[in-house]
Amino acid sequence: NITRAQDQLVLKRIDEGNTVISAGPKHDDHGHHHGHSHGPAKKSLAGWQILQPVQAIADKQTINLTLNSLRYLKTEKFVSEDVQKDRQSYGLDKPDVSIELSLKNNKGKESTFVLHIAYPSKSPQKAYVARPDKGAIAEVDRNALKDLTQQIFYFREKRALFATNSRIKQIAFQQSNKTF
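Scope of this entry: the structure provided in the associated data block. (Residues numbered from 1 in each chain as written. Predicted model: local features only at pLDDT ≥ 70, side-chain atom pairs only at ≥ 80, totals over all residues. Heavy atoms only, no water.)

### Looking at the overall build of the protein
Piece 1. A count of helical and extended segments in the protein gives 3 helices and 13 strands.
Piece 2. Taking all 180 residues of the protein together, the buried fraction comes to 32%.
Piece 3. Sequence-distant contacts in the protein: of pairs separated by 6 or more residues, those separated by 24 or more amount to 53%.
Piece 4. Accessible surface for the protein amounts to roughly 12400 Å². Of this, 50% is attributable to carbon and sulfur atoms. (Helix = DSSP H or I, 4+ residues; strand = E, 2+ residues; numbered from the N terminus. Buried < 20%, exposed > 50% of the residue type's maximum accessible area, 1.4 Å probe, protein only. Contact = heavy atoms within 4.5 Å. Areas by Shrake-Rupley, 256 points an atom, 1.4 Å probe, with all protein chains shown as cover.)

Structure representation (structure tokens):
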């Protein structure tokens, strides 16, 4: 799962054969409300899906680019060794973006990784990143994070047809009430 706090964008990888249930307000384990979903239960396609703020198929390539942006994010320098003490000085007390990744290890155990990101107004090329609970505050190149701040359309699958060519058996074109 990938959750982005500022607009409650939630992306989830769905395994083959699982379903996504649309059944009303979602709450996390801590009782926090995470928006509404409407409609009946429906079978999902395996792969990445957007669960919030709308239910839609996510663009696999875009999700991979986003995950790689996080995976290969390089620190230019550490500006503080204590996020607890210095978070306010670097805007991380009210981050511009908060990313939550739910990870699963080889044994199936889940863990959560949260990264807060602040964009200083005085330095348009810089961003500060840190885990909210412990560790250092790092300065990174703001451009390396551009995938993380895109609007929801960027993450949606753009294909109009979800069938492989080998599965299509007939094509009929209709225009102005004429079938060709």
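Here the narrative resumes.
### As for the nonpolar core
Piece 1. Judged by nonpolar contacts, the single largest core of 13 residues is most densely connected at L70, I99, I117, Y119, A127, V129 and L145.
Piece 2. Where this core is concerned, the elements lending two or more residues are β8 (97–104), β9 (110–118), β10 (126–130) and β11 (137–141).
Piece 3. The dominant element in this core, judged by the number of residues it contributes, is β8, at 3 residues.
Piece 4. Sequence-distant contacts of V129, that is, excluding residues within four places in its chain, are made with L73, L92, L115, H116, I117, A136, I137, A138, V140 and L145.
Piece 5. By size, the runner-up hydrophobic cluster in this structure holds 7 residues, among which are L11, I50, I63 and F155. (Core = buried A, V, L, I, M, F, W, Y, C linked by side-chain atoms within 4.5 Å.)

### Structural notes on the pairing of β11
Piece 1. Counting buried residues in β11 gives 4 out of 5 residues, a clear majority hidden from the surface.
Piece 2. The pairing of strand β7 (residues 77–80) with β11 spans 3 bridges and is classified as antiparallel. Counterpart to F78 in the pairing with β11 is A138.
Piece 3. As paired elements, β10 and β11 share 4 bridges and run antiparallel to each other. By the bridge assignment, Y128 is partnered in β11 with E139.
Piece 4. The loop that links β10 with its antiparallel partner β11 comprises 6 residues; one of these, G135, has a positive phi angle of about 100°. (Pairing = 2+ DSSP bridges.)

### Some points on the packing of aromatic side chains
Piece 1. Throughout the structure, instances matching the rule amount to 2 aromatic pairs.
Piece 2. Ring geometry for Y90 versus Y128: centroids 4.9 Å apart, planes at 70°, classification edge-to-face. Here Y90, found in the loop between α2 (83–86) and β8, pairs with Y128, found in strand β10; they are 38 residues apart in sequence, far enough to count as distant.
Piece 3. Overall, Y90 belongs to the partly exposed group, its relative accessible area being 23%.
Piece 4. For Y128, a relative accessible area of 10% translates into the label buried. (Phe/Tyr/Trp six-rings, centres within 6.5 Å; stacked < 30°, edge-to-face > 60°.)

That's the geometry; what it means functionally is another story.
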